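Read off the chains here:
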Amino acid sequence: MRHVGFRCFGPLEIEVGQRVLPAGGPLQRGLLAMLLLNSNNFVSADRIISALWEKPPETALGQVQTRIWRLRQLLHGTGETSPAPTARPQLITRAGGYGLIVDPEAVDLLVFERRVKHGGVLLAAGRAREAVKELREALALFRGPVFANVNAPGVGIEAEAVEERRLAAIEQRIEIELNLGLHVQVVAELRELVAAHPYRERLRLHLMQALHRSGRRAEAVAAYRDGHRTMVDGAGLEPSRELKELHRAILLSDAATDPAPAAGRPRATVGLHVPRDLPRDSVHLVGRCPETNELLNYLRGPNDSQLPRVVAIAGGPGVGKTALAVRIAHLLVDDVPDGQLFTWVGGKADPNAILHRFLRGLGVPEREVPETLEERSALYRARMADRRAILVIDDAESEAQVRPLLPAAPGGATLVTSRRRLTALDGVRHLDLPALGETDMIRLLVETVGRDRIDAEPGLPARIVDRCEGLPLAVRAVGARLAARPHWSLARFLAAVEDETRRLDAMSFGDLDVRAAIASSYIRLEPRARQLFRALGSLDRAEFTVREASELIGGCADELTEDLVDVRLVHPVPGSWSDGLRYRIDGLCRLFARERAALEGAGTES
């Protein structure tokens, strides 16, 4: 059977064996691009229509259906020009939408995403040279702008997000190469990148570092001054604090920025290494003042126990745990001047690999990093003992992941986020993060969409955010989609979120994706718990009992239901203990469960 692949970088094309076929006319290319951007998921017809036309004609649905038929002819090998016989992708129609079921290795865009993610895993494991190789191979897939021959407004917005991820991968690769001492080799490339993207401060930062470490101090200062002029004249903004600090350090010939030794030789540790790993603070955090004040008071208050202060923030997918933890960490920066460490553990991350990265960031030379988890944890605690530093551990799955990462000395603070309540950790302050109320959700929507637009259609904002079920992620996705479509009325968007077949699509925009957030809880379940969750999607009501759950799967569902509670896909109904405990699956999770049941019924993996 011949291989069928899809080229998304550059012009959209279909690759069949050694042949490259055109993907059809403009409308068909736009349709295929939308399906590829959502590979192995369903896309509603309404979302496709919105992506293909700014002002859809009355015949839009019919035109989409015609192009679906033509694509099916092409991909399934039933037309005269079709690539039969092949290892074919499957184009499926279901519930008012379409899905392209495809091998991820057959789509260059998905291969790119996988390689970039794997590069991050290799880096976390201390395999920096392998990470560079993986990132280079991912970036080598780039033949030009993604979907270069597709002219559809919705696809263009998604393509911009892909380009942003490509540039981020370039920045990550260059940062690793700088840490490997390859500063001379990256200067020319960085000059081209900075010229093409003058407002990307991370690229300019890397250029200044590469020039200075290559002994070209005057050019490094000139690069900063060019950037300062560009930012002030072009955007009316001052350069970031990080750029200013690097500029000052270069002027003073600070040891941390002095020219590095040749590639392959370890750099000497001079003074105290101060890691600054925190992600950017969110500008869209609203309604969390009580929680913020409670945790700040605890972390800044007197510490008579001489134990390290640890806060564990628990909550469901999309409720804003990470945003709150990062906000508090930024507010504590002046209290903890000796460093800020951040790691995303993502459910199954290896604590040993994370400790390797932490130790390197704390100034431990590669040759001095121990091999075993116990030795790395002991050295890490020793390095953290005299520091006033803050540590953020994001998306922890279990206490076993967290324990080796916790400092032993009382000088700093640790924030842990998790879907589960990590009650087996000793001496931890627990906070369950609740859903946002309606007033705060509307405030968040106003921040993204604008007050005038919200006030123009009274009553509708409240109905829209009601469908977001208190999830800041859902409100932000809705706001971003509305902001990208200023010609849409709120009434038009309300119709999308009130339609159950379109709601999850409406709450997905760029990397703000409610469906993906729920999926990250779902994939952590054992197969039987997944089966129960999918079955709960068939219910026509939100509340259920364990007995009803057991009937759905033909077996005992007691522990399986509690597994769903642990990852916040269902929750107990307060006050139902006295008359028989009931559970609730909220609307968005129920819609996701139905989708998974439909997809896995089509033969795809869960």
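I will try to describe carefully the structure that is included in this document. All of these numbers come straight from a predicted model, not from anything done at the bench. (Residues numbered from 1 in each chain as written. Predicted model: local features only at pLDDT ≥ 70, side-chain atom pairs only at ≥ 80, totals over all residues. Heavy atoms only, no water.)

## Looking at the overall build of the protein chain
What counts, and what does not: Under the DSSP-based scheme used, a helix requires at least four consecutive residues in state H or I and a strand at least two consecutive residues in state E, with every element numbered from the N terminus. Per-residue accessibility, obtained with a 1.4 Å probe over protein chains only, is compared with the maximum for each type, and a residue is labelled buried under 20%, exposed over 50%, and partly exposed between these values. The contact criterion used throughout is that any non-hydrogen atoms of two residues lie within 4.5 Å. Surface accessibility follows the Shrake-Rupley procedure with a 1.4 Å probe radius. Residue values consider only the protein chains on display as shielding. In summary, the charge assignment counts Lys and Arg as positive and Asp and Glu as negative, without counting His or the chain termini. By convention, the charge on Lys lies at NZ, on Arg at CZ, on Asp at CG and on Glu at CD.
The helix and strand inventory of the protein chain stands at 26 helices and 16 strands. Its C-alpha atoms put the protein chain at 65 × 65 × 55 Å along the principal axes. Within the protein chain, buried positions represent 51% of all 606 residues. Sequence-distant contacts, at least 24 apart, represent 68% of the contacts inside the protein chain between residues at least 6 apart. Total accessible area computed for the protein chain in this model is approximately 27400 Å², and 51% of it derives from carbon and sulfur atoms. When the 81 positive and 81 negative side-chain charges of the protein chain are each reduced to one mean point, those points stand 3 Å apart.

## Let's talk about the packing of aromatic side chains
So the rule is basically this: Think of it this way: a Phe, Tyr or Trp ring, Trp meaning its six-membered ring, pairs with another when their centres are within 6.5 Å, and the plane angle makes it stacked under 30 degrees, edge-to-face over 60, tilted otherwise. Charge over a ring is defined by NZ of Lys or CZ of Arg lying within 6 Å of the ring centre and within 35 degrees of the ring normal.
One pass over the full model with this rule turns up 8 aromatic pairs. Of the aromatic side chains, those joined through ring pairs into one cluster are Phe9, Phe112 and Phe142. Across the ring face of phenylalanine 142, the terminal group of arginine 166 is positioned such that the distance to the ring centre comes to 3.9 Å. Positioned above the aromatic ring of tyrosine 522, the side-chain terminus of arginine 530 is 5.4 Å from the ring centre.

## Brief notes about the packing of helix H7 (residues 183–196) against helix H8 (residues 201–213)
Counted only if it meets this: Angles shown run from 0 to 180 degrees and are taken between the N-to-C directions of axes, each axis being a line fitted to C-alpha atoms and, for helices, limited to the stretch in contact. Put simply, a crossing is left-handed when the front helix is turned counterclockwise from the back one by less than a right angle, and right-handed when it is turned clockwise. Note on residue classes: Ala, Val, Leu, Ile, Met, Phe, Trp, Tyr, Cys and Pro are nonpolar, Asp, Glu, Lys and Arg are charged, and everything else, Gly too, is polar.
One way to put it is that H7 packs onto H8 with a least axis distance of 9 Å and a crossing angle of 145°. Considering the relative orientation of H7 and H8, their crossing is left-handed. Taken together, the residues of H8 that come into contact with H7 (itself represented by His183, Val186, Val187, Leu190, Arg191, Leu193 and Val194) are Leu203, Arg204, His206, Leu207, Ala210, Leu211 and Arg213. Counted by class, the contact of H7 with H8 contains 9 nonpolar, 2 polar and 3 charged residues.

## Some words on helix H14 (residues 373–384)
This is how the line gets drawn: For a helix, the expected span equals 1.5 Å multiplied by the number of residues minus one. To obtain the arc, one takes the directions from the helix axis to the C-beta atoms.
Over its 12 residues, H14 extends 16 Å from the first C-alpha to the last, a length consistent with the 16 Å expected when each residue adds 1.5 Å. When we look at burial in H14, the residues that qualify are Arg376, Ser377, Tyr380 and Met384. Angularly, the buried residues of H14 cover 100° about the axis, an arc narrow enough to put them on a single face. In H14, the exposed residues that point more than 90 degrees away from the buried face are Glu374 and Ala382. Buried residues along H14 sit in contact with strand S8 (340–344), helix H13 (351–361) and strand S9 (390–396).

## A closer look at the sheet that holds strand S5 (residues 90–94)
Put simply, the test is: Paired strands are those between which DSSP finds at least two bridges.
Pairing in this open sheet of 3 strands is antiparallel, and the strands run S4-S6-S5 from one edge to the other. One side of each edge strand has no neighbouring strand; the edge strands of this open sheet are strand S4 (42–44) and S5. Neighbour-to-neighbour, the strand axes of the sheet open up by a mean angle of 25°, direction not taken into account.

## Section: the sheet that holds strand S3 (residues 19–22)
The strand order across the open sheet built from 3 strands is S1-S2-S3, with neighbouring strands paired in antiparallel fashion. Edge strands, defined here as strands with exactly one partner in the open sheet, are strand S1 (4–7) and S3. With strand direction ignored, the average angle separating the axes of adjacent strands in the sheet is 30°. Where S1 and strand S2 (residues 13–16) come together, 4 bridges link them in antiparallel fashion. When the bridges of S2 are listed, phenylalanine 6 appears paired with isoleucine 14.

## Focus on the layout of surface pockets
Counted only if it meets this: Grid points spaced at 1 Å over the protein atoms alone were grouped into cavities, where a 1.4 Å probe fits but cannot get out, and pockets, open sets with protein on both sides within 12 Å along at least five of seven lines, with lining residues defined by an atom within 4 Å of a point. Grid points are joined across faces, edges and corners, and a volume is the space filled by probe spheres set on the points.
Of the pockets and cavities examined, the second largest pocket occupies roughly 410 Å³. Lining the second largest pocket are 19 residues, and of these Gly316, Leu471, Arg568, His571 and Asp586 sit closest to its centre. For the lining of the second largest pocket, the residue count by class is 12 nonpolar, 3 polar and 4 charged.

## A short note on the side chain of arginine 503
Mapped onto the fold, arginine 503 is located in helix H21 (residues 503–506). Those residues within four positions of arginine 503 in sequence are excluded, and the remaining contacts are Arg467, Ala496, Val497, Glu498, Leu588 and Leu591.

## Re the environment of glycine 126
Following the sequence through the fold, glycine 126 ends up in the loop between helix H4 (108–124) and helix H5 (128–139). Taking C-alpha positions, glycine 126 is 9.9 Å from valine 369, a pair spaced 243 residues apart along the chain.

## Considering the nonpolar core
Rule in force here: Residues enter a nonpolar core if they are buried and are Ala, Val, Leu, Ile, Met, Phe, Trp, Tyr or Cys, with the set joined through side-chain atoms within 4.5 Å.
Core analysis: the biggest nonpolar cluster contains 84 residues, and Leu415, Phe533 and Leu564 have the highest contact counts within it. Ranked by residue count, the leading element in this core is helix H19 (residues 472–484), at 7 residues.

## Details of empty space enclosed by the protein
With the rule as written, the count across this model stands at 3 cavities of 30 Å³ or more. Space inside the largest cavity adds up to approximately 170 Å³. Arg47, Ser50, Arg481, Trp488 and Asp505 are, among the 18 residues lining the largest cavity, the residues nearest its centre. Where the lining of the largest cavity is concerned, the elements lending two or more residues are helix H2 (45–52), helix H6 (153–179), helix H20 (490–498) and H21. The dominant element in the lining of the largest cavity, judged by the number of residues it contributes, is H2, at 4 residues. When the residues that make up the lining of the largest cavity are grouped by side-chain class, the tally is 8 nonpolar, 3 polar and 7 charged. As for the second largest cavity, its lining consists of Pro308, Arg309, Met384, Arg387, Ala389, Pro407, Ala409, Gly411, Gly412, Ala413 and Thr414. Partitioning the lining of the second largest cavity into residue classes produces 6 nonpolar, 3 polar and 2 charged.

Purely geometric numbers; function is a separate question.
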